[in-house]
Each structure stands twice: as structure tokens, then as C-alpha cells.
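# Remarks on the overall topology
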2 protein chains.
Amino acid sequence: MKPSIPKGTRDFSPAEMQRRNYIFETIKSVFLLHGFQQIETPAMENLSVLEGKYGEEGDKLLFRILNSGPVLEQIRNSKSEIRNADVTEKGLRYDLTVPFARYVVQHRNEITFPFKRFQIQQVWRADRPQKGRYREFYQCDADIIGSNSLLNEVELIQIVDKVFTQFKIPVTIKVNNRKILQGIAELYNLKEKFKDFIIVLDKIEKIGLEGVENELKEKGLTQINIRTVLIRQSIARGLKFTDGSDMALSDINNAFQKCESEVGMKGITEVVAIANTVYETTELKNSIEFDISLARGLDYYTGAIIEVKAKDVQIGSVCGGGRYDDLTGIFGLPNVSGVGISFGVDRIYDVMEELKLFDALQTEQSSTEILFVNFGEKEEIFCLKLVTELRSAGIAAELYPDRDKIKKQMSYANDRKIPFVALVGEEEMKSGKVKLKDMNSGEEKLVGKEQIAEMIGKK
Amino acid sequence: MKPSIPKGTRDFSPAEMQRRNYIFETIKSVFLLHGFQQIETPAMENLSVLEGKYGEEGDKLLFRILNSGPVLEQIRNSKSEIRNADVTEKGLRYDLTVPFARYVVQHRNEITFPFKRFQIQQVWRADRPQKGRYREFYQCDADIIGSNSLLNEVELIQIVDKVFTQFKIPVTIKVNNRKILQGIAELYNLKEKFKDFIIVLDKIEKIGLEGVENELKEKGLTQINIRTVLIRQSIARGLKFTDGSDMALSDINNAFQKCESEVGMKGITEVVAIANTVYETTELKNSIEFDISLARGLDYYTGAIIEVKAKDVQIGSVCGGGRYDDLTGIFGLPNVSGVGISFGVDRIYDVMEELKLFDALQTEQSSTEILFVNFGEKEEIFCLKLVTELRSAGIAAELYPDRDKIKKQMSYANDRKIPFVALVGEEEMKSGKVKLKDMNSGEEKLVGKEQIAEMIGKK
């Protein structure tokens, strides 16, 4: 029997963990620098919390947990109709935003608003696995809830810019606003079909312009002349937010004015205000780009939407987010606006690997600084005392546990990339010295035990 | 609708997260000091990996995941017998040891043995929730696999001692050996009922001596005179491993010699050897205690077993582990011995809280060092520039995003325990100064913006 793991899931080796931890720690440090506080929520949520929040497609992708007890027997013996709740009442977290909204409502009396929280946890989706798409993956989210100020959008863009600058990944920060998309829906008299419109538009990168046109037709959205919209886009695309100027989004704005789409005009105002404040206060290392075809799939966005693309690697977005005006309303707490972003650690990892950005980070190096070779019973005790002393001084040290051949022990040190090896045989024990081998240079030196820390560069 | 979370699960607030992170980081740093390497495995494993590894009881406590797709519909429409695999093929991790064994077998060609790995992840058990017992909780495990040396057991005891010393939690490190329990089973001619014996003995703290006697009877284990065994225990209990002496476990050893129980004698030898090496090489801060009634519930232990109890708090064990000689054998890789320990973070948290050990750690303090009050549109931009500069200098800073009343903003700083507040109104902007308030002393000072870092103690 060859053991395996469920498809779409992964094991992470020590080398991968070092790189992943570097990514997590970097993002976490930026979140803390901006005053976000960490929370965690359970992996399982009640299905009543999860269902209906991610669209029809999302509901299908929820991992459901079988109720405890002899459920299968009950199903087999049941004469009457089996209700869903008899079989499953809990599901695995699909994202971090909905559980966060649930958290906010449930703990509203303990929370100081505006609440800036971050959360680094796994999510699960029963999606078809493919390159870069997993059934279990981590999200790193930062959200501000309980504040309408656009300064929050500004802060999130600053965070995005800072994180990817630290990673040395050049990115484009794409922005749009759901209010602009609402305006377009008004332009075409399609307000009640807004959700369908968003879902189709969201696929533009996957299925192309023609695909979008076909799907719009299928959904009966024939009124929308998507080519006209995209001509506006191509105009807007030319207007990269490179200098914080007013960007002459006037073409779209004029259309909104003509049809008196308040919401559309509000969207334009917001996009411009956010970009202006960013440019006025921050030296961005990456560029912001307005993209009217940016829709984002999730139902709950109502304002600014952000998506971040790596410039030099063909891969989906590496970060995304937006404003949601009434996510907590579903749970009984209306009129609380929130805005957040989510970093996709797995894609960031893939991008860093492709751009060979890990090489400079020395994530390969072992955390163990010195290995003591095991020569036998007496030497063992002698060495273990030394190892214990070194550890007390904060130096990560190991004694090889078995009395294996020296060659095997040396190759262990080599494979583990441990920089120093100590060899203590009978002679060394007598003289109270330690033979220290620098594994990089191959140099060997006889040193007093009190010199070890110094020799390996720890004093 | 009031949202809630599944019973036995928990949300963790920012304050709790700070304390929990302190516990995780402390344990992790000791693991790294001892040369352990981190891995992660998926939350879900195939049921074939999980089932049959935790005893009958354990199988019942597995959380099973409903297969994807329209499973419920299929069940309803199915005319034929529903097989388990039609409904569920995956389950949530029950502990970290079995997934680790699976990992080792699956990745054996990439691993350098002996493999010292640590893993800090959640596990799920469909147990009846009660105080200190959750359905979702973290385990922090360190295991060495591919080495028979008792030096590994020595190292794990050192780690336990170090971790609890850092936490300032006085503990007793209880040890026993499954081989001694096997010897006792041989003593009573009960070799084939060994598993039952272990399961019953493991309950001694919960159900007491009489309870154990009754259950032994129920299982047909009437031959075992548990009182006689426990007299030996009480003798052994007197022989605390306080000085590394030979401990005169002779009473039990004699009994093993009489019935020629090789395994029993081997167990005694191991217990003595481990204790002697610990005492010879390490100044322990906590005491080791031999406890012949220590059984540990899991099927796979074959050698040393360890359980750690807090001295001053009535709570289950805070750490436990042992040696398993053939856990990877189940997955097709025989003759690979492993030994490990697992720290129970939730109980450690409860103990630290009860002993008020968090108070001295200042985990309450916000990570944000300074909050800029928001006085309005112009001030916003002025302050955001300063905030951005401070963050570039590595100082965690926030600008309050909304133009709320000053009182509300000050109470935000207060609730968040942010030590400094900067007030910049029209006058301050004109003079290029910042009014800095020390939230602890209440003192206010007008300072130049380049002095802020210095004032808040960051230069």
C-alpha cells in the first residue's frame, strides 16, 4: 500500500516551509507596521454561515463535514426522506472574509471599531485542481471594518506596494470600482441582472472578449454592447494613474452624467480620490492601473476593487480585494462597511521561484549551526554536555544520535547544510579540545570548548 | 439570525492571539535550538491513512468529509446499498503523528535520516466538548524518526524541561515504558489482550482503581491483579528519579526475571538508561517521575512513554509522547523507529492564565506605537505623509481613518493600548510640529516631526 494525500492538497518539506515562512513573516510584519491585529477563526463553520455567500458556484465548492455519530447507518436505515441537515451541518472555511464578518457580528461588543484585523489561515475549495490551483491553500487577509473612509483603500494599496517591493516582485495594481460597473449596468438598463453581468465580465481573462459576448447573450444580457464598454476601457487603460492627475476618465463620466447614474459618478469620484491620495502621500514602487473590465467574482463587493498581477510571470492574480458595504448585514449587523485585501501565498511562492528570488535569501541554510559527530558511548556523554551548554547560549546544536559510520554522519551534516561539524574522539576528550570542521571551506581546527561559539561566529 | 460557531471550536481575539503566538514561538524556538525542521501536511487525509490507527474509539472521533459533487442526491436516488466510500473518502487530521508517518513513507527518498521534524498544526476530534477539551485544537509536535538511540528520548526530556522552564510552569515529567507494561502482561499470561489492558489502564486517573478493576473484569482480564501491580507502582513512585541513581526498580525487575520476560527487563533497562543520561548531562529544572500506571491511549507506542503534568493546576497532561517502533510499517516502510512528543497548547494557555503568567509578558501592549488623530481633510494628508515616513523607519503607526470626534479617536487609542498619540491641527501644521501625547503619563509635548521616533523611544 502506497500512501498518498487527497488530490489538490500538499505536503510542505522543511525547505519549502522555510520559504513559505519567509513569505508569511514578511506579509505579517507589514500588517503589524500598519496596526492590524491578528485573529483566528475555526476551520469549520456552520453551513448557515457559509452558504449563499459565494454565489451558486461557491456553494458547490464547499467542503462539507459529515455529522458525527452513526450517520451512514442512519442513512441506510432511513425510510423517510433524508434532509441535508441530517447528513451535514458544517463546512470548511471557503475564504477568510465571510468568517471574519461572522466574527465581527458575534463579538461586536468586545471589538473597538474601526477594527483592523489580519488573519493568516487555510481555506478549502472543492475546485478542480490544476497548476497553481489547490483545494487547500493559505490566505493572508487584512481588513478594516467599521470605517467608510477611503483612507483605508489608500492604506491597502500602500500595503500591497510595500509587500511586493519587499518580495522584489514587480506588480501592476489594477483597480476598479463596483459602483462604476453598476453605473454601466444602469447605462444599459440592466440593474436587476447586475450579478450575472459581474460573473460574466469576471471571466474576460479566461474566455476572452468573444466568450464574454456569447455568455452575455446566453444570460439574455444582449443589451450590453461589451465592445463599446471595452473601447471606454481601452481609453481608460491608456490613462494609467502614473502621476495622480485627474486622469480624464471623462468619457465614462460623461456617459454616466447623461443617464444620470449617481452611482456610476460616485464610482469615478472614489477611484480618482483614492489614486490622488496615494500619489500625494506615498512614493509607490509599483504602478496603479485602472481597468474597467476588472469585476472580481465575489458577490459581496460594493465599492473599490483591487487585483494585483505579477508583471513578469504569467499567473493569475497574486492579491485581490475590495470594499463590501454590508457583509455583516447578512448576520444581523447592518450598515457596517468593510474593505480588505487577500494575499495569495501559493502564487507568490510560485512567482518567487520562477524569478529565482529565493536564491538570495539563503532559505536553504539549516537553522542548526553545529553537529557533533557520535563516536561512541563515552564520547556521546562528553558531547551531549557540550551541546547542552551551546544550546543554553542560544546556539542551535545537534548531537548525531546513533553510533553510525562517520561517513554517514558527515553526509547527514552535508545534506542538512549544517555549517560546522565537531569531532570529539578519545584524544580530544583527553585534551579537552574539540576538532571543528568548517563544512564550507573544509578547514579543520583544534579548539578549546569555550572557543566553539566564537569560532562559529556567534560571539 | 445570530451567527455562531460549531460547538467545541473557538474564535481567537487579538489579545488571545498574542498570548497564543507567544506560546507557539517559544516552543518553536526550542525545537529549532535542537535542530528540528518544520513541515506541514494537509488538514485532510485519505481515510485509509487515518482509520485503524487510533483504536476503535479514535475511528469514531474522526471528522469525515462528504465527497464532492451531488452526493446527497445520489444517496437519495440510490436503489442499491450505499457504501461508505460513496459518501466519504477523506477525514480531518486526528493527530500529527500518523500524518507524519505517512509523510515519511511518501517522501522517504527526499529525507535525510535520522529526520528531526516539528509540526505545529491543528487537529480535529469529534469528542464531546468540555472544559479544556475542544474539537479543534493545535498540536506542537517534535519527532525523530529513523534512529533507535535512546539519546532521542533524552533530548525530548530536555526539550520538555526547557519549554516549561521558559513558560515558568513547574511540571512533573512522568515516564514509563510500554515494554514494562508488556512485561506485566506476560507476567499475567495476557499477551494477546495487551491492547485492552492498555486502554483500561489509561483510564486510571479518570475512573480510579475500582473503575479499572471493574473494566478489567468486563474485558475478561480477571487474571491481572491490578492491586499487586499498583503496589509495585507505589514502591516505584517512592523512587523518584531525583538523583539519577539506579532507582532500585528491582522489585519489578525481579518479577520479570522470574517469569523470564525479556521485554519487561528491556523496559526497565531503557527507563534507567534514559534517566541516567539525562541526569549526567543536564541540570533539569523539573523532576522526572516513574509511573508504572502511565499507559497512554494510543495503539502505536512500543517503548518509552512520557506525560507531563502541571504541578500547581488541576488539568490533564500538558505534553505527552513516546516511542513507536513500527508506525511507518503500516504504510509499507517497516523497521523505522520513531519517538516524539506533543505539546498541548490549549492547556498550556489555560495553565499560564490560571498562574497569571501572562501578566509579566506585556502581551496586552499593542504592536502599534503611535496613532495620529484625524482632524480633517488637510490634516489627513499631512499626517499620512508622517505616518508613511515612520513606517519606512520600521515604526508601527496608524492614522485614524475617519473624521470622528476627538473623544472617540482617543478612546480608540486607549482601547487598543497604543502608547502614543499624535495631534496635528492647523497650528501644528503651520509650525511643522506635532503635539505628542504619552498615553501612560498623560504628558503632552510639542515636537518636530524628525523627533517623533526619538520621543517614542525608537532611536
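Remember, predicted model here, so these are calculated numbers, not experimental data. (Residues numbered from 1 in each chain as written. Chains lettered and ligands numbered in written order. Predicted model: local features only at pLDDT ≥ 70, side-chain atom pairs only at ≥ 80, totals over all residues. Heavy atoms only, no water.)

### Re the packing of helix 13 (residues 262-281) of chain A against helix 15 (residues 377-392) of chain B
Stated precisely, the cut-off is as follows: The axes used here are C-alpha line fits, helices contributing only the stretch in contact, and every angle between their N-to-C directions lies in the interval 0 to 180 degrees. Helix and strand assignments follow DSSP, with helices taken as H or I runs no shorter than four residues and strands as E runs no shorter than two, numbered in order from the N terminus. What sets the label is the angle itself: under 35 degrees gives roughly parallel, over 145 gives roughly antiparallel, 65 to 115 gives roughly perpendicular, and the rest give oblique. Crossing handedness is read from the near helix: turned anticlockwise from the far helix by less than a right angle, it gives a left-handed crossing, and turned clockwise, a right-handed one. Note on contacts: a residue pair qualifies if any of its non-hydrogen atoms lie within 4.5 Å across the two residues. Note on residue categories: nonpolar means Ala, Val, Leu, Ile, Met, Phe, Trp, Tyr, Cys or Pro, charged means Asp, Glu, Lys or Arg, and polar means any other residue, Gly included.
At a closest axis distance of 9 Å, the pairing of helix 13 of chain A and helix 15 of chain B adopts a crossing angle of 55°. Classed by the angle they form, the pair helix 13 of chain A and helix 15 of chain B counts as oblique. Regarding helix 13 of chain A and helix 15 of chain B, the two cross each other, and that crossing is right-handed. Note on element contacts: helix 15 of chain B touches helix 13 of chain A through Ile-381, Leu-384, Lys-385 and Thr-388 of chain B, opposite Thr-277, Glu-280 and Thr-281 of chain A. Here the contact of helix 13 of chain A with helix 15 of chain B is composed, by residue class, of two nonpolar, three polar and two charged.

### Re the domain arrangement of chain A
How big an interface is tends to be stated in terms of accessible area lost as the parts join. Rule in force here: As annotated, the domain borders come from an automatic or database domain assignment.
The assigned domain composition of chain A is domain 1 (14-43 + 93-354) and domain 2 (370-458). Its C-alpha centre places domain 1 of chain A at a distance of 53 Å from the equivalent point of domain 2 of chain A.

### Side note on the confidence of the model for chain A
All names here are of chain A. Formally: How sure the predictor is of each residue is captured by pLDDT, a score from 0 to 100.
This prediction gives chain A a mean pLDDT of 88; 92% of its residues lie at or above 70. Mean pLDDT across the elements of chain A ranges from a minimum in helix 11 (residues 226-238), with 52, to a maximum in strand 2 (residues 44-46), with 98. Low confidence marks residues 234-248, where pLDDT is under 50. Its contacts with residues over four positions away, or in another chain, come to 27 contacts. Here the predicted complex carries an ipTM of 0.90, next to a pTM of 0.90.

### Side note on the side chain of Asp-11 of chain B
To keep things clear, this is the line we draw: The cut-offs for exposure are 20% and 50% of the maximum accessible area for each residue type, with area from a 1.4 Å probe on protein chains only; residues under the lower value are buried, those over the upper are exposed, and the others partly exposed. Here a polar contact means two N or O atoms within 3.5 Å. Within protein one must be a hydrogen donor candidate and the other an acceptor candidate, and residues neighboring in sequence count only if both atoms are side-chain atoms.
Tracing the sequence through the fold places Asp-11 of chain B in the segment before helix 1 (14-33). Judged by its relative accessible area of 9%, Asp-11 of chain B falls in the buried class. In this structure the side chain of Asp-11 of chain B is engaged in a polar contact, spanning 2.6 Å, whose partner is the side chain of Arg-102 of chain A. Setting aside residues up to four positions removed in sequence, Asp-11 of chain B forms contacts with Glu-40, Thr-41, Pro-42, Arg-102, Tyr-103, Gln-106 and His-107 of chain A together with Ile-5 and Glu-16 of chain B.

### A closer look at the interface of chain B and chain A
In plain terms, the rule: Summed over both partners, the accessible area lost on bringing two parts together, with a 1.4 Å probe, is the buried area. What counts as a salt bridge is simple: a side-chain nitrogen of Lys or Arg found within 4 Å of a carboxyl oxygen of Asp or Glu.
If you look at the interface, chain B gives 102 residues, while chain A gives 102 residues. Three residues stand out in chain B for area buried against chain A, namely Leu-33, Glu-40 and Arg-391 of chain B, and they jointly supply 7% of the buried area on that side. Taken together, the connections running from chain B to chain A amount to six salt bridges. Close ionic contact of Glu-155 of chain B with Arg-391 of chain A constitutes a salt bridge, the shortest N to O distance being 2.8 Å. Applying the counting criterion to the chain B and chain A interface returns 38 residue pairs in polar contact (both at pLDDT 80 or more). Residue composition of the side of chain B that touches chain A, grouped by class: 44 nonpolar, 34 polar and 24 charged.

### Details of the relation of the copies chain B and chain A
Inclusion rule: Overlaid copies result from least-squares superposition on C-alpha atoms, with residues included only where pLDDT is at least 70 in both.
For the pair chain B and chain A, the best superposition has an RMSD of 0.1 Å and corresponds to a rotation of 180° with a translation of 0.0 Å parallel to the axis. Here the copies are linked by what is in effect a two-fold axis. Rotation axis and chain B: the residue whose C-alpha lies nearest the axis is Ile-65 of chain B, separated from it by 2.2 Å.

### Focus: the packing of aromatic side chains
Threshold: In this scheme Phe, Tyr and Trp rings, the latter by its six-membered ring, pair at centre separations within 6.5 Å, and the angle between planes marks the pair as stacked below 30 degrees, edge-to-face above 60, and tilted otherwise.
Across all of its chains, the model carries 28 aromatic pairs over all chains by this definition. On the basis of an interplanar angle of 65° and a centroid distance of 4.9 Å, the ring pair of Phe-24 of chain B and Tyr-138 of chain B is categorised as edge-to-face. Here Phe-24 of chain B, found in helix 1, pairs with Tyr-138 of chain B, found in strand 6 (residues 136-145); they are 114 residues apart in sequence, far enough to count as distant. As far as the burial class goes, Phe-24 of chain B and Tyr-138 of chain B line up, both buried. Among the aromatic residues, those joined into a cluster by ring pairs are Tyr-22, Phe-31, Phe-36, Phe-118, Phe-164, Phe-167 and Phe-343 of chain A.

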